[in-house]
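Architecture and fold: a report
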Amino acid sequence: MKEITVRSFAKINLSLDVGACDAQGYHEVDMIMQQLAFHDDVQLRFVRFPGGKKGDIGISVRTNRYYLPTDRRNLAWRAAELMIDRYGSSWESGRLEINILKRIPVAAGLAGGSGNGAAVIHGMNVMFGLKLTLGEICSLCEELGSDVPFSAVGQARGNKVFPTAVRRDSMAASCVRATGRGTVLEPLRGIDRSIVIAKPALSVSTAEVYRGIDNCDIPERPDNRRLARRLEENVVGDGRVYEDFINVLENYTLAAYPKVAELKERMERMHPEKALMSGSGPTVFAVFRRMEDAQKSCRILRKQGYEAYWTRTMK
Ligand SMILES: C[C@](O)(CO)[C@H](O)COP(=O)(O)OP(=O)(O)OC[C@H]1O[C@@H](n2ccc(N)nc2=O)[C@H](O)[C@@H]1O
Ligand SMILES: Nc1ncnc2c1ncn2[C@@H]1O[C@H](COP(=O)(O)OP(=O)(O)OP(=O)(O)O)[C@@H](O)[C@H]1O
């Protein structure tokens, strides 16, 4: 029996701009993504079936969230299936057991499911001695979803159990500028701050938001080139970076879901350096210089009925 546990981190979007939609229904994006320390734990165990047929591998998924699917609809399952199809024909027969301890809210704009998919690919790379490079891991992740490659490069920074070559790869990064469908990644330095994430009790479909944004006015867009430069030059201290903390998807989600707009206003009143919706929502994050302020805001938001967490950005 082999076993590994992978940390599967949440992300926030420090900026997000959307362009045209391609023939497959995917929009061109230009965004800066930042990994948080807040994470799920994805445990993988391989139980051998002695005497079974080579390449005959079963998959099982368990989670601590009763409402999450544990079959093919779970991204962790699909990641395992992809790896078995691609590399498993010579493996001994057995069952891959995936046990996900979820902390990251589901369908929240935090790439929780995407991270679990990336974690399974990373974990199987280690368990089965595949010696894949981080670039190869990202190509596999791209087949699973737009946010999955970023989750993979972020996890490479935060998992000591991974091979040194993966952890030290030049693509390993907790912050990136992502273009194309969100899968062309350029590593950046990122911010070093305390963060509160909070969501109202509703889920938002990413596909719905991308469909809706085509008919929205977009009064303001981030200058991602300037933001990337400012992050690299580490000018976070003077606050200028926040000029480009703009998520154009707010133009759809805040109008379609007034509870998200209300949450953002409440968080802005707590005097963070910045408050912004993450991804397609409904999670809103607030950036604080001091952890005590983040914790205090988090307590207030919980009292107001929101699901809220305090955490840090990852270096
Ligand atoms: C909103 C973000 O979370 C920002 O980081 C991502 O762009 C979404 O990434 P994701 O959840 O991994 O998205 P996917 O699972 O690849 O796609 C879900 C759906 O969102 C839409 N989609 C996604 C990515 C993209 N660049 N353009 C799109 O229009 C497509 O309709 C797609 O069918
Ligand atoms: N392992 C998983 N964890 C969470 N959700 C999953 C998982 N596998 C599949 N899903 C499904 O994926 C959908 C989106 O969940 P997820 O938490 O990834 O959303 P998200 O945080 O909005 O992601 P993104 O920011 O990448 O759009 C949900 O409807 C959920 O049922």
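Residues numbered from 1 in each chain as written. Chains lettered and ligands numbered in written order. Predicted model: local features only at pLDDT ≥ 70, side-chain atom pairs only at ≥ 80, totals over all residues. Heavy atoms only, no water.

1. Description of the site of ligand 2
The line we're drawing: The nearness test applies per residue and asks whether one of its heavy atoms lies within 4 Å of the molecule or strand. Identification of polar contacts relies on pairs of N or O atoms within 3.5 Å, with a donor-acceptor requirement for protein atoms, meaning one able to donate a hydrogen and the other able to accept it, and with residues adjacent in sequence counted only if both atoms are side-chain atoms. The Shrake-Rupley method, run with a 1.4 Å probe, gives the accessible areas here. Residue values count only the displayed protein chains as cover. Counting from the N terminus, the helices are the DSSP runs of H or I reaching at least four residues and the strands are the DSSP runs of E reaching at least two. The classification used treats Ala, Val, Leu, Ile, Met, Phe, Trp, Tyr, Cys and Pro as nonpolar, Asp, Glu, Lys and Arg as charged, and all other residues, Gly among them, as polar.
Close to ligand 2 lie 19 residues, the nearest being Ala 107, Gly 109, Ala 111, Gly 113 and Asp 147. Contact between ligand 2 and Asn 74: a nitrogen atom at 2.9 Å from a side-chain N or O atom of the residue. Within the backbone of Leu 110, an N or O atom sits 2.9 Å from an oxygen atom of ligand 2. Starting from 620 Å² of accessible surface for ligand 2 in isolation, the protein chains cover 78%. Looking at which element gives the most residues to the shell around ligand 2, the answer is helix H2 (residues 112-127), with four residues. By residue class, the composition of the shell around ligand 2 is eight nonpolar, seven polar and four charged.

2. So, the site of ligand 1
Worth spelling out the cut-off: Residue ranges labeled as domains rest on an automatic or database domain assignment.
The environment of ligand 1 is formed by 18 residues, the closest being His 27, Ser 146, Asp 147, Arg 181 and Tyr 210. In this structure, an oxygen atom belonging to ligand 1 sits 3.1 Å away from a side-chain N or O atom of Asn 13. A distance of 2.6 Å separates an oxygen atom of ligand 1 from a polar side-chain atom of Ser 146. For the shell around ligand 1, the element with the highest residue contribution is strand S2 (residues 27-48), accounting for four residues. Of the residues contributing to the shell around ligand 1, the split by class is seven nonpolar, eight polar and three charged. If you count residues domain by domain, the shell around ligand 1 takes at least three from each of domain 1 (2-16 + 35-173) and domain 2 (194-312).

3. With respect to the domain arrangement of the chain
To be explicit about the condition: Any pair of residues with heavy atoms lying within 4.5 Å of one another is described as a contacting pair. Simply put, the buried area is the total loss of 1.4 Å probe accessible area from both parts when two parts are fitted together.
Domain annotation for the chain reports domain 1 (2-16 + 35-173) and domain 2 (194-312). Distance between the C-alpha centres of domain 1 and domain 2: 27 Å. Taken together, the 16 residues of domain 1 in the interface contact 28 residues of domain 2. For the pair domain 1 and domain 2, the summed buried area comes to about 1,600 Å², and 63% of that belongs to carbon and sulfur atoms.

4. Some points on the pairing of strand S8 (residues 274-277)
To keep it simple, the criterion reads: Two strands make a pair as long as DSSP finds a minimum of two bridges between them.
Of the strand pairs in this sheet, S8 and strand S9 (residues 284-288) are connected by four bridges, and their pairing is antiparallel. Bridge assignment links Lys 274 to a residue of S9, and that residue is Val 287. In this structure, the hairpin formed by S8 and S9 is closed by a connection of six residues, where Gly 279 is found at a positive phi of approximately 55°.

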